[in-house]
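Letter by letter, the chains look like this.
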Amino acid sequence: MRSPLRAWLAVVAVAVGTFSVVTTEMLPVGLLTSMGSALRVSDGTAGLTMTVPGLVAALAAPLLTVTVGRFDRRPVLCGLMGLLAVANLLSALAPGFAVLLAARVLVGVGIGGVWSIAGGLAVRLVPERSAGHATTLIFSGIAVASVLGVPIGTLIGDLLHWRVAFAAMAALSLTVAAAMAVTLPPLPATGTIRLREVPALFRNVRLRIGLITTLLLVTGHFGAYTYVRPVLEDVAEVGTGLISTLLLAYGVAGIAGNFLAGTTAHRDPRRTLMVIFTLLAAAELLIPVAGATTAGAAVLLLVWGLAYGGVSVTCQTWVLHAAPDAREAASALYVGAFNVAISLGALLGGRAADGMAVAGVMWFGGALVVLALANVALFGRRGTAAAPGRTGEPGATGATGDRGATGATGATSGHVDQAIR
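Fair warning: this is a prediction, and the values are worked out from it, not measured in the lab.

## Some details on the packing of aromatic side chains
Okay, so step 1: Evaluation of the coordinates by the stated rule reveals five aromatic pairs.
Okay, so step 2: With a centroid separation of 6.1 Å and 90° between ring planes, the pair formed by F222 and Y308 is classed as edge-to-face. Taken as a pair, F222 in helix α11 (residues 205-225) and Y308 in helix α15 (residues 294-308) lie far apart in primary sequence, 86 residues in all.
Okay, so step 3: For Y308, a relative accessible area of 3% corresponds to the buried category.
Okay, so step 4: Ring centres of Y225 and Y250 lie 4.9 Å apart, and the angle between their planes is 20°; this geometry places the pair in the stacked category. Of the two residues, Y225 is situated in helix α11 and Y250 in helix α13 (residues 240-265); the sequence distance between them amounts to 25 residues.
Okay, so step 5: In this structure Y225 comes out as buried when scored by relative accessible area, which is 1%.
Okay, so step 6: Residue classification places Y250 among the buried positions, given a relative accessible area of 1%.
Okay, so step 7: The structure contains a cluster of three or more aromatic residues connected by ring pairs, namely Y225, Y250 and W304.

In structure tokens:
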């Protein structure tokens, strides 16, 4: 019998692991200018450090879910965190841009594997009554990384050097790998997923709408956010020292947005997403117009952070409610869509940054968020599932037309809903 303390230490280790992989993925956002200058590439080309790991993660998520299906999850997770440590160290030591891109390929493998596996571990680490809280903690690693990873990395880069930021993430990743090896129990496979089961989920209308919405929204966000530093420098003429402070304020607003969205997403993800999209579109589209001053840019950045902070929990809720009987496969598709969107956003935003004024990335990003808003407004009622246990409402059925929450699947859906609350 494992002690409760060790069980929760294992949950914390997994949460810090998810924080590590997502922070590593987002790190170039705040370091883009200094990285590009040091390696003698343009901002748009430097944005490939976001594009490459996103594309690799999108492919790795479903493939690794299938490949490691028969293996114990503890050594798999430890190995993936070790790989992430190597990738970060290689990034810190990269003598040229080609080596840095090669390191980011390894980052993509780590992201796809860790994110896909970690989300479903809570129910195996703690007693059933605590699974909801454990799931919340594991998902918080992703949420906090999404909003705080960039400002922390930017601060380290500004105070020391951009290479030090990657070296710090290498040390953290290695520490997490050791912590997982010590705290995680044996986690043998409980079942296998066949590759053909993953694309078959696209026949699920609600899941498909959720994935399309995620793709549009996240592409729009990262099309603009990847280049937020040069935009702040060129449009609002914000000084280098103040940028890390503004991004930190963005992160704090994002954490607040995560909790605010979490209180409503399980009841009405469609309405929550529409509010998020409206705020995001307004912030991105107004920065070139009303963000010419430091104060104006700061206010819009706070609104942006508040809105984007709720994206992960709301989109994940939609996906889990849409396919409660295929949670791991649906999560792999969600991770894939999310990372494809990161890559597309960074790539297309880079083309916009190089092809016209840098503020053009805001018009590009805002336009895609408006499309996501239109998608949810027009088709979202078909994609909205009620919270488990609320019968007689539109969307209360499972992915196959039944309630979709029977047996072990029902327990899983309940844990997810507890976590969101």
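After that view of the structure, there is still more to cover.
## Here we look at the side chain of R73
Okay, so step 1: Structurally, R73 is set in helix α5 (residues 73-93).
Okay, so step 2: Accessibility expressed as a relative area gives 8% for R73, which makes it buried.

## Details of the pattern of salt bridges
Okay, so step 1: According to the stated counting rule, one finds three salt bridges in the structure shown.
Okay, so step 2: When the shortest N-O distance is used, the salt bridge between R229 and D158 registers 3.3 Å. Linking R229 in helix α12 (residues 228-234) with D158 in helix α8 (residues 131-159), this pair joins segments that are 71 residues apart in sequence.
Okay, so step 3: Overall, the relative accessible area of 6% leaves R229 in the buried class.
Okay, so step 4: Of the charged contacts, one joins E233 and R229 as a salt bridge, the two residues approaching to 3.3 Å between their closest N and O atoms. With E233 and R229 both in helix α12, this residue pair falls four residues apart, about one helical turn.
Okay, so step 5: On the accessibility criterion, E233 (22% relative accessible area) is partly exposed.
Okay, so step 6: Because the salt bridges share partners, they merge into one network encompassing D158, R229 and E233.

Conventions adopted
Residues numbered from 1 in each chain as written. Predicted model: local features only at pLDDT ≥ 70, side-chain atom pairs only at ≥ 80, totals over all residues. Heavy atoms only, no water. Phe/Tyr/Trp six-rings, centres within 6.5 Å; stacked < 30°, edge-to-face > 60°. Helix = DSSP H or I, 4+ residues; strand = E, 2+ residues; numbered from the N terminus. Buried < 20%, exposed > 50% of the residue type's maximum accessible area, 1.4 Å probe, protein only. Salt bridge = Lys/Arg side-chain N within 4 Å of Asp/Glu carboxyl O.

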